[in-house]
Amino acid sequence: MIAKAVHLLLAVTWTAVIYYDFFVLKYPHGPADKLANLMWRFRFLTVWNMLLQCIYFYLSVGSDLCGKETGGEKGEKCWMLRARDTLFTAVVYPLGTFIPVAFWTLFSIDRELVYPKILDGVIPLWLNHFVHTFIGIFVLLELMIVRHEYPHIVKGLVQVAAFDAFYLSWYDFSTQLINYSL
């Protein structure tokens, strides 16, 4: 019961955070063109993480409703459970642990590398902590309240590497179109 409530709460909360970030915040140094602005935002790993966390928690809500079995062959898992576990293993857990550690480490060394002072007046403190701090807490909470089935280590590493390759390809493509700097 706790897992269902947490999943629903986080799915709705991530939706609100994404809406606020994409439609309410106005970045003064971002591109003026809407398509260029969207591409510019997707160069930040934090944005990918926000969307993937949101998708994950909605998938978790669906898998909570789906139950353990599909009603087919005995022991057959609902596709949402398999998708939830795969997404958690391949992307949500790695990003949810990497981003807080990398962001706050770089922030403590030289904040201008990851979060220039000019952003203090643009991005509210609660949003900064939600996307750079709380994601680690959400992942740890998820580990405590839900039992996930993990793939074989080789399959898991291939999935993580596939996402990394996709992100780096997108980043390389988008940097040829738009400068990364704020």
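Before going into details, it helps to say that this report is about the structure given with it. (Residues numbered from 1 in each chain as written. Predicted model: local features only at pLDDT ≥ 70, side-chain atom pairs only at ≥ 80, totals over all residues. Heavy atoms only, no water.)

## A closer look at the overall build of the protein
Move 1: Summing up its helical and strand segments, the protein has seven helices and zero strands in all.
Move 2: Secondary structure elements of the protein, listed N to C terminal, follow the sequence α-α-α-α-α-α-α.
Move 3: A buried classification covers 43% of the 182 residues belonging to the protein.
Move 4: If you take every contact in the protein between residues at least 6 apart in sequence, the share linking residues at least 24 apart comes to 76%.
Move 5: On the protein, roughly 10500 Å² of surface is accessible, and the fraction owed to carbon and sulfur atoms is 70%. (Helix = DSSP H or I, 4+ residues; strand = E, 2+ residues; numbered from the N terminus. Buried < 20%, exposed > 50% of the residue type's maximum accessible area, 1.4 Å probe, protein only. Contact = heavy atoms within 4.5 Å. Areas by Shrake-Rupley, 256 points an atom, 1.4 Å probe, with all protein chains shown as cover.)

## Some thoughts on the state of the cysteines
Move 1: Counted according to the given criterion, the structure contains one disulfide.
Move 2: Cys-66 shares a disulfide with Cys-78; S-S distance 1.8 Å. What sets the handedness of the Cys-66 and Cys-78 disulfide is the S-S torsion sign, and at about 125° it is right-handed. With a gap of twelve residues between them, Cys-66 in helix 3 (residues 45–66) and Cys-78 in the loop between helix 3 and helix 4 (79–110) connect regions that are remote in the sequence.
Move 3: Residue Cys-66 is classed as partly exposed on the basis of its relative accessible area, which comes to 27%.
Move 4: Owing to a relative accessible area of 4%, Cys-78 belongs among the buried residues under this scheme. (Disulfide = S-S within 2.5 Å.)

## Observations concerning helix 3
Move 1: Here helix 3 contains 22 residues, and its C-alpha end-to-end distance of 31 Å stays within 8% of the 32 Å for a straight helix at 1.5 Å per residue.
Move 2: Of all the 22 residues making up helix 3, 17 are buried; the element is thus mostly covered by neighbouring parts of the structure. (Expected span 1.5 Å × (residues − 1).)

## Observations concerning the nonpolar core
Move 1: Trp-14, Met-50, Ile-123 and Phe-163 are the most contacted members of the largest nonpolar core, which has 41 residues in total.
Move 2: Those elements giving two or more residues to this core turn out to be helix 1 (2–24), helix 3, helix 4, helix 5 (125–132), helix 6 (134–145) and helix 7 (153–177).
Move 3: Among the elements that line this core, the one with the most residues is helix 3, at ten residues. (Core = buried A, V, L, I, M, F, W, Y, C linked by side-chain atoms within 4.5 Å.)

## Let's talk about the packing of helix 1 against helix 3
Move 1: Look at helix 1 against helix 3: their axes get within 8 Å of each other, and the N-to-C directions meet at 150°. Note that helix 1 runs across helix 3; the crossing there is left-handed.
Move 2: Looking at the contact of helix 1 with helix 3, its residues break down into 16 nonpolar, four polar and three charged. (Axes fitted to C-alpha atoms, helices over the stretch in contact; angles between N-to-C directions. Left-handed = near helix turned anticlockwise from the far one by under 90°. Nonpolar A, V, L, I, M, F, W, Y, C, P; charged D, E, K, R; others polar.)

## A word on the pattern of salt bridges
Move 1: For the structure on display, the rule yields three salt bridges.
Move 2: The salt bridge partner of Asp-21 is Arg-41, with a shortest N-O separation of 3.5 Å. One end of the pair, Asp-21, is in helix 1; the other, Arg-41, is in helix 2 (residues 34–41), and 20 residues separate them in sequence. Summarising the burial analysis for this pair, Asp-21 and Arg-41 share the class buried.
Move 3: Here Asp-120 ties to Arg-111 by a salt bridge, and the two come within 2.8 Å at their closest N and O atoms.
Move 4: Classification of Arg-111 as buried rests on a relative accessible area of 17%. (Salt bridge = Lys/Arg side-chain N within 4 Å of Asp/Glu carboxyl O.)

## Section: the packing of helix 1 against helix 5
For any two helices packed against each other, the geometry is given by the interaxial angle and the distance between the axes.
Move 1: Following both chains from N to C, one finds helix 1 and helix 5 inclined at 125°, their axes separated by 12 Å at the closest point. As summarised for this structure, helix 1 and helix 5 are arranged oblique, according to the angle between their axes. In the packing of helix 1 onto helix 5, the handedness of the crossing is left-handed. Facing Thr-13, Trp-14, Val-17, Tyr-20 and Asp-21 of helix 1, the residues of helix 5 in contact are Trp-126, Leu-127, Phe-130 and Val-131.
Move 2: Of the residues belonging to the contact of helix 1 with helix 5, the class tally is seven nonpolar, one polar and one charged. (Parallel < 35°, antiparallel > 145°, perpendicular 65-115°, else oblique.)

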